[in-house]
Amino acid sequence: LKLARFPPGFWCPGAALASAAMPNFTVDQIRGIMDNTDKIRSMSVIAHVDHGKSTLTDSLICKAGIISAKQAGDARFTDTRADEQERGVTIKSTGVSLYFEHDEDDGKGNQPHLINLIDSPGHVDFSSEVTAALRITDGAMVVVDCIEGCAVQTETVLRQSLAERVKPCLFVNKVDRCILELQMEPEDMYGRFRKAIEDVNVIVATYNDALMGDVQVAPEKGTVAFGSGLHGWGFNVERFAKIYAAKMGVDKEKMMKRLWGDSFFNAKKKTWTNVQQPEGCDSPLPRAFCQFIMTPINQLMRAIMDDQKEKYEKMMTTLGIVLKGDDKNLTGKPLMKRTMQIWINAADTLLSMIVTKLPSPKVAQKYRVENLYEGPMDDEAAKAIRACEKEGPLMMYVSKMVPTSDKGRFYAFGRVFSGTIATGQRVRIQGPHYKPGSKEDLNVKNIQRTVLMMGRTTEQIADVPCGNTVALVGIDQYLLKSGTLTTVEDAHNIADMKYSVSPVVKVAVKVKDGKELPKLVEGLKKLSKSDPLVVCTTEESGEHVIAGCGELHVEICLKDLREEYAQCEFTVSDPVVSYRETVAEKSSVTCLAKSPNKHNRIYLVAEPMDDELCTAIEDGKAGPKADAKERAKLLKEKFEWDDNAARKIWCWGPETDGANVVVDQTQGVQYLLEIKEHVNSAFQWTTKEGPLCEENMRGIRFNLMDVTLHTDAIHRGAGQIMPPTRRCCFAAELTAKPTLQEPVFLVEITCPQEAMSGVYNCMNLRRGCVFEENQREGTPLVQVKAHLPVSESFGFVAALRQATSGQAFPQCVFDHWENLQGDCTQEGSKMEELILKIRKRKNIKVEMPKLGDYLDKL
């Protein structure tokens, strides 16, 4: 009988929603409002791990009536997977579409709004999920814990959102802890809040974008809210300004400016002043923010917690808080929660902030189109994205794959940027390698169904117009991780996402039972779809390698593979770290290699490139896609290349955009351009597998000094040019003091002062170095930043927790590559051992490569 009230498709067995409330909206209502682009908001919730994103999202979902008020805060509705619930960490970003009615005070009464909300993980290993969420939203709610302040991951996700041109607004969370646990004075709270807001603004200020305008957050603008996600209350200055403006008879705008910053109310003279202690006052005046906002909240909460009945009942009547039904019998904490929810409801505050401060798709796509679209800015597709017309041609970006209840199938989740996507529509599915005009990575297929994502469940819908997020059924086999759907014949792709982390931790998997190998191979294919960042490859030695960006990431991937995708037993090797080969100085001799028919010769010299330059290439500032003139200018001015070399870069490698280059420094060689393609393709192959231990090269510049070619075109084909180029590159690297680079993590550790010795001991054992310590003001906590080689980081978290008896919280992010110490040509050195170990693992001959194998005599 109980199931009879629920709409079809709503009930999902096994979910912790036994007391689910009915949603206050139907799919038809949502569909009706989707056409009105101005009333749509797409936003993601981003923050550091454990700052309360999922908990805060709950209060919004509760407001929409999907979960009951009792559960809000503990349900964590958007943590859909079992392991997310038990670990208390969000792992995958989850989308929910919510329908609200909000009164904007413009005399039109309650206007319906649709909010597409994506709750993203805060753990650094999953920051690729955050990137995927930011790509398809226009606004971001940055959540900051007011006690911990702006942490490293807050900074990372904020930078990502600003790079994607997503407009931020701030929610300062966990204010209840300031009041109840730390018993802070209002003035100290004000200082703490201001510090958090300033930290966020420092980061925002570095990305000043003319098109977006000023996006710095400020309480007096109404873009900062304060509150507690767990208790479900929150406020922004605007909210109190409305109440006091009506009471004092001034307008709201004026009042908002007064309620933050240095403004004080002198009650004796009934005047406002900006001096804390004006003459004629014996004690300093309380700040307006403290007097009018924090003190009432403080008093009410403490009165209820200390059970001072007449005090809090009197306050409730003056504030107009009416308790109904069962709520009257509550005492202590539940009463406090309920009272605060009625008085200053978090959802209402967030809602008015989302609706009034974040942009609608129509506004946002005007300035985001340059970041989103790869093609020219004046073709049909770009114009369509800019206009955001539902009658226009279809442009949609799929940012991630969401696993369905049906094992091994995926929803393609993304956002429609222009046009309307409908069930049964025929679209062009363009993968990331698609080039306009070619057939590669292109499928033209029908869409089977379009559905709305509702956290754990999905709702069917006939078609979805632009500006909305949507999940598609039946195209998962044509896309790997992300892609563009369009109906425009000559449309370019929507640009692929840039991730802030790179997969550096690798493990190899082997099946226990040989019969199950096909299962594992299928499972790996599905795994690489389900996660935006994980890379699954098969080595030449037949190993299947999974690469992730940290221990936790790899652990979750393996768990998914075992339980969901492959469903077979397999063994996992120890984690392997990928190294990079590089050189330490210029080649001692100019190296020469001859072609197999002895008629062509190639002369090369290798030299190291600056670390900053490598990073610039990897970021794309000096890469192949950058503007040629700007790139030449950058190379000349910053890295002191000569003018000729800066213009004559032949190619980058590996994968045509890595941090190695071939520079043409020849003079007057005939037929040179005819062999350019062959040299480039040989170079791609060379840089992918270097001579030391078949790892990628990084930071080597190969100068092409001279080439002698046969006059007959038939004697200088690809078969004659590619082998000598490869051998010559190897020889040049081996004569230039070759070394390896290892990846290094940036570790941020938060711990109390007394646990510091454990942190230092743990670091010293693992070749880590601490390079900065910051006291957190007002708390006994210290924030430590350190560099730690990835190869030493396995089991680091566990070891650190042991050494500090669980008081230290580490966060590891990939930071940079660092040259290993030592010389690999000396016998018995550490580096030589490492190289031989890698060679053994890869089934290559276990000995150092000989120069004679690659270098030819004249």
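Above this text sits the structure in question.
In this text, all values refer to a predicted model and were calculated from it rather than measured experimentally.

Asker: Teacher, can you tell me more about the overall build of the protein chain here?
Answerer: For the protein chain, the count of helices and strands is 25 helices and 34 strands. Relative to its length of 858 residues, the protein chain is compact, with a C-alpha radius of gyration of 30 Å against a globular reference of 29 Å. If one aligns the C-alpha atoms of the protein chain with their principal axes, the spans along those axes are about 100 × 65 × 55 Å. Counting across all 858 residues of the protein chain, residues that qualify as buried make up 56%. Looking at the protein chain alone, contacts between residues at least 24 apart form 72% of all its contacts between residues at least 6 apart. Looking at the protein chain as shown, the accessible area adds up to about 36,700 Å², and 50% of this sits on carbon and sulfur atoms.

Asker: For this particular structure, what's the right way to read the packing of helix H5 (residues 152–163) against helix H7 (residues 186–206)?
Answerer: Relative orientation of the contacting elements H5 and H7 amounts to 35°, with a least axis distance of 10 Å. Here H5 and H7 pass one another in a crossing that is right-handed. Each of Glu155, Leu158, Arg159 and Leu162 in H5 lies in contact with H7, whose residues at this interface are Val200, Ile203, Val204 and Thr206. By residue class, the composition of the contact of H5 with H7 is five nonpolar, one polar and two charged.

Asker: Before we go on, may I ask you to explain the packing of aromatic side chains in this structure?
Answerer: Think of a pair of aromatic rings as described by two things: how far the centres are apart, and how the planes are tilted against each other in angle. Considering all chains together, one arrives at 16 aromatic pairs under this definition. Taken together, a centroid distance of 6.5 Å and an interplanar angle of 25° make the contact between Phe240 and Tyr244 stacked. Of this pair, Phe240 and Tyr244 are both found in helix H8 (residues 237–248), four residues apart, which corresponds to roughly one turn of the helix. Judged by relative accessible area, Phe240 falls into the buried class, the value being 2%. The class for Tyr244 is buried, based on a relative accessible area of 12%. Each residue in the set Tyr190, Phe193, Phe226, Phe235, Phe240, Tyr244, Trp260, Phe289, Phe292 and Trp343 is aromatic and connected to the rest through ring pairs, giving one cluster. Positioned above the aromatic ring of Tyr397, the side-chain terminus of Arg135 is 5.1 Å from the ring centre. In this structure, Arg562 packs its charged tip against the face of Phe570, placed 4.6 Å from the ring centre.

Asker: Can you walk me through the nonpolar core in this structure?
Answerer: Note that soluble globular proteins tend to have their nonpolar side chains buried in a common cluster. One finds Met141, Ile421 and Ile749 to be the most contacted residues of the largest nonpolar core, which totals 134 residues. Among the elements that make up this core, the one with the highest residue count is helix H22 (residues 718–734) (seven residues). The residues contacting Ile421, other than those within four sequence positions of it, are Leu394, Met396, Val416, Ile447, Thr450, Asp463, Val464, Val470, Leu472 and Leu485. Among the nonpolar cores identified, the runner-up in size contains 67 residues, and Ile147, Phe193, Val204 and Val237 belong to it.

Asker: How should I be thinking about the sheet that holds strand S28 (residues 649–653) in this particular structure?
Answerer: Backbone-to-backbone hydrogen bonds join strands into a sheet, with any given pair of strands oriented parallel or antiparallel. Pairing within the open sheet is mixed, and its five strands lie in the order S26-S27-S30-S29-S28. Lying at the two open borders of the sheet, with one neighbouring strand each, are strand S26 (591–594) and S28. Strand after strand, the sheet turns through a mean of 25° between neighbouring axes, direction not considered.

Asker: Before we go on, may I ask you to explain H7 in this structure?
Answerer: Spacing of three or four residues puts side chains on the same side of an α-helix, whose turn is 3.6 residues. A rise of 1.5 Å per residue sets the reference length of H7, with its 21 residues, at 30 Å; its end C-alpha atoms lie 31 Å apart and thus fit the reference within 8%. Residues Pro186, Met189, Tyr190, Arg192, Phe193, Ala196, Ile197, Val200, Asn201, Ile203 and Val204 constitute the buried set of H7. Residues of H7 that are buried sit in contact with strand S4 (139–145), H5, strand S5 (167–173), helix H6 (175–180), strand S6 (224–228) and helix H10 (288–305).

Asker: Before we go on, may I ask you to explain the pattern of salt bridges in this structure?
Answerer: Two side chains bearing opposite charge may form a pair once their charged atoms approach each other closely. Tallied over the full model, the rule gives 41 salt bridges. The partner of Arg428 in a salt bridge is Glu489, with the nearest N and O atoms 3.2 Å apart. Here Glu489 lies in the loop between strand S19 (483–486) and strand S20 (505–511) and Arg428 lies in strand S13 (residues 426–430), a separation of 61 residues in the sequence. Through salt bridges with shared partners, a single ionic network connects Arg135, Asp138, Glu164, Arg368 and Arg415.

Asker: Looking at this model, I keep getting lost on H8. Mind explaining?
Answerer: When the terminal C-alpha atoms of H8 are compared, their 16 Å separation across twelve residues agrees well with the 16 Å that a helix rising 1.5 Å per residue should span. The set of residues buried in H8 consists of Val237, Glu238, Phe240, Ala241, Tyr244 and Ala245. Down the axis of H8, the smallest arc covering the buried residues is 155°, so these residues share one side. In H8, the exposed positions that point more than 90 degrees away from the buried face belong to Ala246 and Lys247. Buried residues along H8 sit in contact with strand S7 (233–236), helix H9 (252–258), H10, helix H12 (332–343) and helix H13 (346–357). Positive backbone phi, at 75°, marks Gly249, one or two positions downstream of H8.

Asker: Would you take a moment to explain the packing of helix H16 (residues 517–530) against helix H17 (residues 551–565) for this structure?
Answerer: In a packed pair of helices, the relevant descriptors are the angle between the two axes and the axis-to-axis distance. Where H16 meets H17, the closest approach of the two axes is 10 Å, and the angle between their N-to-C directions is 125°. What the angle tells us is that H16 and H17 run oblique. Note that H16 runs across H17; the crossing there is right-handed. Taking contact as the criterion, the partners of Leu520, Gly523, Leu524, Lys526, Leu527 and Ser530 in H16 are, on H17, Cys557, Asp560, Leu561 and Tyr565. Of the residues contributing to the contact of H16 with H17, the split by class is six nonpolar, two polar and two charged.

Scoring rules and cut-offs
Residues numbered from 1 in each chain as written. Predicted model: local features only at pLDDT ≥ 70, side-chain atom pairs only at ≥ 80, totals over all residues. Heavy atoms only, no water. Helix = DSSP H or I, 4+ residues; strand = E, 2+ residues; numbered from the N terminus. Rg over C-alpha atoms; globule rule 2.2 N^0.38 Å. Buried < 20%, exposed > 50% of the residue type's maximum accessible area, 1.4 Å probe, protein only. Contact = heavy atoms within 4.5 Å. Areas by Shrake-Rupley, 256 points an atom, 1.4 Å probe, with all protein chains shown as cover. Axes fitted to C-alpha atoms, helices over the stretch in contact; angles between N-to-C directions. Left-handed = near helix turned anticlockwise from the far one by under 90°. Nonpolar A, V, L, I, M, F, W, Y, C, P; charged D, E, K, R; others polar. Phe/Tyr/Trp six-rings, centres within 6.5 Å; stacked < 30°, edge-to-face > 60°. Lys NZ or Arg CZ within 6 Å of the ring centre and 35° of its normal. Core = buried A, V, L, I, M, F, W, Y, C linked by side-chain atoms within 4.5 Å. Pairing = 2+ DSSP bridges. Expected span 1.5 Å × (residues − 1). Salt bridge = Lys/Arg side-chain N within 4 Å of Asp/Glu carboxyl O. Arc of directions from axis to C-beta. Parallel < 35°, antiparallel > 145°, perpendicular 65-115°, else oblique.

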